[in-house]
Amino acid sequence: EKKKVDVMYFEGVKGIKQMVEYKMKENAGKEILGFYVTDNAFSPDTKVEFEDYFKKEWNEKMLKLGITMRGIVPKHESMAPYRETDSKYKRVAKEMPIDVYYPEAAIDLIGDIVRIQDYKNTQGVLLENSSIAETLRQIFEIVWSKDSEK
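Rules used throughout
- Residues numbered from 1 in each chain as written.
- Predicted model: local features only at pLDDT ≥ 70, side-chain atom pairs only at ≥ 80, totals over all residues.
- Heavy atoms only, no water.
- Helix = DSSP H or I, 4+ residues; strand = E, 2+ residues; numbered from the N terminus.
- Rg over C-alpha atoms; globule rule 2.2 N^0.38 Å.
- Polar contact = N/O pair within 3.5 Å; in protein donor to acceptor, adjacent residues only side chain to side chain.
- Contact = heavy atoms within 4.5 Å.
- Salt bridge = Lys/Arg side-chain N within 4 Å of Asp/Glu carboxyl O.
- Buried < 20%, exposed > 50% of the residue type's maximum accessible area, 1.4 Å probe, protein only.
- 1 Å grid on protein atoms, 1.4 Å probe; cavity = no way out; pocket = protein on both sides within 12 Å on 5 of 7 lines; lining within 4 Å.
- Points joined across faces, edges and corners; volume = space filled by probe spheres on them.
- Nonpolar A, V, L, I, M, F, W, Y, C, P; charged D, E, K, R; others polar.
- Patch = residues over 30% accessible without salt bridge, like charges linked within 9 Å, V, L, I, M, F, W, Y side chains within 5 Å.
- Areas by Shrake-Rupley, 256 points an atom, 1.4 Å probe, with all protein chains shown as cover.

J.: Hey, could you run me through the overall build of the protein in this one?
T.: When helices and strands are tallied, the protein shows four helices and seven strands. N-terminal to C-terminal, the α/β element order of the protein is β-α-β-α-β-α-β-β-β-β-α. Taking 2.2 N^0.38 as the reference for a compact globule, 150 residues should give roughly 15 Å; the C-alpha atoms of the protein span a radius of gyration of 15 Å, in line with that estimate. Dimensions of the protein along its principal axes, counting C-alpha atoms only, are 45 × 35 × 30 Å.

Okay, structure coming up:
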């Protein structure tokens, strides 16, 4: 039986927060896999609000739900505060050289949910589909298995 891909669009700081928290309770105890941006990818007018949210509030929510995280991240000084709290929040980051990996959007997944976040334009797209999530999960694992330093 064919199943239609559920697609949702989110806009603004409130929308992005809703997107990254979508169905998190249903995914308690699972792992988020992602390709993440530096704090420089945030729009100047929303940068402080997003930094405050992601450095504390969001991490606390994920910790309470038992959600762990593995991420591919650029090696950049703006990421130092995140690296300092990785173990506390059950995150493992694989740093990639900034000249090789300098993303402008973040992509992550948990369960059957794939989220694409464009912080500069303060918008995001969420796809809920097991086939798409599994394909991205395999791509993540391929990248994760590679050496980070070239």
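After that view, the rundown keeps rolling.
J.: What am I meant to see in the side chain of D86 here?
T.: Turning to its location among the elements, D86 is positioned in the loop between helix 3 (80-84) and strand 4 (91-96). A polar atom in the side chain of D86 sits 2.7 Å from the side chain of R83. The residues touching D86, leaving out its near neighbours within four places in the chain, are R91 and A93.

J.: What is the right way to look at the pattern of salt bridges in this model?
T.: Proximity of charged atoms lets side chains of opposite charge pair with each other. All told, the structure shown has 15 salt bridges when counted by the stated rule. With its nearest N and O atoms 3.9 Å apart, the salt bridge here joins K88 to E60. Of the two residues, K88 is situated in the loop between helix 3 and strand 4 and E60 in helix 2 (residues 47-64); the sequence distance between them amounts to 28 residues. On the basis of relative accessibility, which here comes to 22%, the residue E60 falls in the partly exposed class.

J.: Sorry, what's going on with empty space enclosed by the protein here?
T.: One water molecule sets the probe size; rolling that probe over the atoms shows where empty space is left. For the structure shown, the criterion picks out two cavities of 30 Å³ or more. Each pocket or cavity is described by its volume, and for the largest cavity that value is around 330 Å³. Along the walls of the largest cavity sit 25 residues, with Y36, F54, M69, M79 and Y82 positioned nearest its centre. Among the elements of the structure, helix 2, strand 3 (68-74), helix 3, strand 4, strand 5 (106-110) and strand 6 (113-118) are those that each provide at least two residues to the lining of the largest cavity. The element that contributes the greatest number of residues to the lining of the largest cavity is strand 3, accounting for four residues. Partitioned by chemical class, the residues of the lining of the largest cavity number 14 nonpolar, four polar and seven charged. The space that makes up the second largest cavity amounts to roughly 50 Å³. Residue lining of the second largest cavity: I32, W58, N59, M62, I67, T68, M69, Y89 and R91, and that is the complete set. Those elements that provide at least two residues to the lining of the second largest cavity are helix 2 and strand 3. Ranked by residues supplied to the lining of the second largest cavity, first place goes to helix 2 with three residues.

J.: Could you clarify how one ought to interpret the environment of L126 in this entry?
T.: Structurally, L126 is set in strand 7 (residues 123-128). Along the chain, L126 and L136 lie 10 residues apart, while their C-alpha atoms are 13 Å from each other. Those residues within four positions of L126 in sequence are excluded, and the remaining contacts are D6, V7, M8, F10, M19, Y22, I113, V114 and R115.

J.: Looking at this model, I keep getting lost on a nonpolar patch on the surface. Mind explaining?
T.: A surface patch of nonpolar side chains, about 210 Å² in accessible area, is lined by V5, V7 and I132. Within the secondary structure, V5 is located in the segment before strand 1 (6-11). Owing to a relative accessible area of 30%, V5 belongs among the partly exposed residues under this scheme.

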